[in-house]
Amino acid sequence: MTSWPGYIEDQLMSISNLGLTLRLILVLTCVSGAYLARLRFSLMVITILFSIAYILAYFNKIIKCKKMISAVKRKMHGSKWTQFQITCIKKISKDTSIYTFNIQYPEGSLHLPLGHHVQVRAMIHGRQTIRYYTPIFPSETTKELQLMVKSYSNGTMSKYLSTLHVGQTVEIRGPFGNPTSDNNQHYPLQKEIETYRKMGKESNSNEETLTQLGIVAGGSGITPVLQVLHEIVTNPYHLENISLIYANETVDDILLKNELDEMAKKHPHFQIHYVLHHPPKGWKGERGYITKRMLQKYLPRYNKQHKLLVCGPLEMDELVLRYSKELGWNKGFQKSRSNDKVFVF
Ligand SMILES: Cc1cc2nc3c(=O)[nH]c(=O)nc-3n(C[C@H](O)[C@H](O)[C@H](O)COP(=O)(O)OP(=O)(O)OC[C@H]3O[C@@H](n4cnc5c(N)ncnc54)[C@H](O)[C@@H]3O)c2cc1C
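Residues numbered from 1 in each chain as written. Predicted model: local features only at pLDDT ≥ 70, side-chain atom pairs only at ≥ 80, totals over all residues. Heavy atoms only, no water.

**Concerning the nonpolar core**
Working step 1: Ranked by size, the top nonpolar core spans 37 residues in total, and within it Ile-222, Leu-229, Ile-232, Leu-244 and Tyr-246 carry the most contacts.
Working step 2: Only β9 (212–218), α4 (222–232), β10 (241–248), α5 (257–266), β11 (270–276) and β13 (306–311) provide two or more residues apiece to this core.
Working step 3: For this core, the leading source of residues is α4, giving 6 residues.
Working step 4: Here this core spans two domains, and each of domain 2 (80–176) and domain 3 (190–344) adds at least three residues to it.
Working step 5: The residues touching Ile-222, leaving out its near neighbours within four places in the chain, are Met-148, Ala-217, Leu-244, Tyr-246, Leu-255 and Leu-260.
Working step 6: In terms of nonpolar packing, the next biggest core, distinct from the first, is built from 21 residues, Val-118, Ala-122, Leu-147 and Leu-164 among them. (Core = buried A, V, L, I, M, F, W, Y, C linked by side-chain atoms within 4.5 Å. Buried < 20%, exposed > 50% of the residue type's maximum accessible area, 1.4 Å probe, protein only. Helix = DSSP H or I, 4+ residues; strand = E, 2+ residues; numbered from the N terminus. Domains from an automatic or database assignment. Contact = heavy atoms within 4.5 Å.)

**A short note on helix α7 (residues 314–326)**
Working step 1: The terminal C-alpha atoms of α7 lie 19 Å apart, and with 13 residues this matches the ideal 18 Å at 1.5 Å per residue to within 8%.
Working step 2: Here α7 has its buried residues at Met-316, Asp-317, Val-320, Leu-321, Tyr-323 and Ser-324.
Working step 3: On the buried face of α7, the contacting elements are β9, α6 (292–298), β13 and β14 (342–344). (Expected span 1.5 Å × (residues − 1).)

**Observations concerning the sheet that holds β14**
One key point about sheets: their strands pair by backbone hydrogen bonds, in either a parallel or an antiparallel sense.
Working step 1: On the basis of which strands lie adjacent, the open sheet formed by 6 strands has the order β12-β11-β10-β9-β13-β14 and parallel pairing. Whereas interior strands pair on both sides, the edge strands pair on one side only; in this sheet they are β12 (286–287) and β14.
Working step 2: In terms of strand pairing, β13 meets β14 through 3 bridges, oriented parallel. Paired with Val-310 across the two strands is Val-344, which belongs to β14.
Working step 3: Across the sheet, α7 is in contact with β9, β13 and β14; its angle to β13 comes to roughly 155°. (Pairing = 2+ DSSP bridges. Axes fitted to C-alpha atoms, helices over the stretch in contact; angles between N-to-C directions.)

**Focus: α4**
Working step 1: Burial runs high along α4: 11 of the 11 residues are buried.
Working step 2: For α4, every residue scored as buried is listed here: Ile-222, Thr-223, Pro-224, Val-225, Leu-226, Gln-227, Val-228, Leu-229, His-230, Glu-231 and Ile-232.

**Some words on the site of the ligand**
Working step 1: Neighbouring residues of the ligand: 15 residues in total, closest Arg-131, Tyr-132, Tyr-133, Thr-156 and Ser-158.
Working step 2: Between the ligand and the protein, one listed contact pairs a nitrogen atom with a backbone N or O atom of Met-148 at 2.8 Å.
Working step 3: Met-157 is positioned with one of its backbone polar atoms (N or O) 2.8 Å from an oxygen atom of the ligand.
Working step 4: Only β6 (127–133), β7 (144–150) and α2 (156–161) provide two or more residues apiece to the shell around the ligand. (Near = heavy atom within 4 Å. Polar contact = N/O pair within 3.5 Å; in protein donor to acceptor, adjacent residues only side chain to side chain.)

**Notes on the pairing of β10**
Working step 1: Most of β10 is tucked away: 8 of the 8 residues are buried.
Working step 2: Across 7 bridges, β10 lies against β11 in parallel orientation. Its bridge partner being in β11, Ile-242 is matched across the sheet by Phe-270.

**Remarks on the UniProt feature "transmembrane region" (unreviewed entry) in the protein**
Working step 1: When the UniProt feature table is mapped onto this chain numbering, "transmembrane region" (unreviewed entry) sits at residues 12–35 and 41–59.
Working step 2: The straight-line gap between the two end C-alpha atoms of residues 41–59 is 27 Å; of that span, 100% is helix and 0% is strand. (UniProt positions renumbered as here; feature names shortened; annotations may be inferred.)

**A look at the sheet that holds strand β8 (residues 169–176)**
Working step 1: Here 6 strands make up an open sheet; going across it, the order is β6-β5-β8-β1-β2-β7 and the pairing antiparallel. At either end of the open sheet lies a strand with only one pairing partner, and these are β6 and β7. Put simply, the sheet's adjacent strands are angled 40° from each other on average, direction ignored.
Working step 2: Bridging between strand β5 (residues 117–124) and β6 involves 7 bridges; their strand directions are antiparallel. When the sheet's bridge partners are listed, Val-120 is paired in β6 with Arg-131.

**Section: a nonpolar patch on the surface**
Working step 1: A contiguous nonpolar patch, built from Phe-41, Met-44, Val-45, Ile-48, Leu-49, Ile-52 and Leu-56 and spanning about 670 Å² of accessible area, is present on the exposed surface.
Working step 2: Tracing the chain through its elements places Val-45 in helix α1 (residues 4–79). (Patch = residues over 30% accessible without salt bridge, like charges linked within 9 Å, V, L, I, M, F, W, Y side chains within 5 Å. Areas by Shrake-Rupley, 256 points an atom, 1.4 Å probe, with all protein chains shown as cover. Salt bridge = Lys/Arg side-chain N within 4 Å of Asp/Glu carboxyl O.)

**Observations regarding the side chain of His-230**
Working step 1: Mapped onto the fold, His-230 is located in helix α4.
Working step 2: Reaching out from His-230, the side chain makes a polar contact with the side chain of Glu-259 at a distance of 2.8 Å.
Working step 3: Excluding anything up to four places from it in sequence, His-230 contacts Ile-136, Phe-137, Glu-259 and Met-263.

**Details of the pattern of salt bridges**
Working step 1: In total, this model carries 7 salt bridges according to the counting rule given.
Working step 2: A salt bridge links Glu-326 to Lys-292, with the shortest nitrogen-to-oxygen separation between them at 3.1 Å. A residue pair is termed long-range when its members are at least 10 positions apart, and Glu-326 in helix α7 and Lys-292 in helix α6 qualify at 34 residues.
Working step 3: Among the residues examined, Glu-326 registers a relative accessible area of 45% and is labelled partly exposed.
Working step 4: Close ionic contact of Arg-322 with Glu-326 constitutes a salt bridge, the shortest N to O distance being 3.6 Å. Of this pair, Arg-322 and Glu-326 both sit in helix α7, 4 residues apart, which is roughly one turn of that helix.
Working step 5: Judged by relative accessible area, Arg-322 falls into the partly exposed class, the value being 48%.
Working step 6: Salt bridges sharing common partners tie together Glu-286, Arg-293 and Lys-297.

Structure representation (structure tokens):
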């Protein structure tokens, strides 16, 4: 039998145990309450984060869809013939003019990335005539299209265009890649331009980065070259030197001389060397046809980081391909690929 004091002691013990248990329960309740509150809070934060991510993904999807839809619309529009109005005609030499067109339409404007050209269609003397022309500026952002067209006295489209006035319309569609190149490698410097556009100045140079560019253009062959120059001379690529040899018959045949000279003045890493077959008195530039000596004197030598672009009449292109090979460049071809060391437009 338990003694009286022992009984009291036991009761006191059990009371204190109960107190302890109650306190423990209380603590546990508090802890679990705090834990639950924290869990609830965490769940709330996670839910909010998920909601934000979902909303962002949803908007991103909408934006992507919108972009896709407008790209498809643009593509569809690009493949359709559309009447575009001439807003300006600027005569830049005795037989060449720059025609400016307003290329806006309800879904945007004609998308003309670098290295692409358009088709122009007109009914001339009862016959449907289509010819290719290269915009002198890539118009990914602008609402205007500028075509520089040299008019031939017996040329069908070029002569027809020279009879048009501001306000008249011409059917245009595009863009189209270079019909002579395959694998969708439309333009020279494609890799360089894409890397630059993605990474900007941060794009690191390596042993294959283009540092020097030599260009040989003849007559209206300057048109696609202009597009490239507008992109690379003014943007800070890794290019240290761009040297252009531009050949023409007479001084009046030099297209956009003022603009080219201005570009060279503004950007000292770009130089132009004019060559004239029939130079005027006192002409300080080169004379005759393009020679191997001129290529040697003005253009970069073969090197992994150097490249040549060529655009002129067929005979001039062939000549430059022969000389460049003799000067140690890889053999170039009329049907060039964008990563060829000697690229013919
Ligand atoms: C991808 C591509 C882009 C082009 N971009 C341009 C451009 O931006 N600007 C531009 O002016 N042209 C450009 N051309 C050339 C253009 O497409 C026409 O061929 C040119 O305007 C002549 O067309 P036409 O109808 O007037 O002459 P056609 O009726 O086709 O030819 C009639 C006569 O014109 C003379 N002729 C035509 N072309 C030449 C020539 N190149 N050299 C000497 N005589 C010639 C010849 O005597 C020929 O017999 C480009 C061609 C291609 C393939």
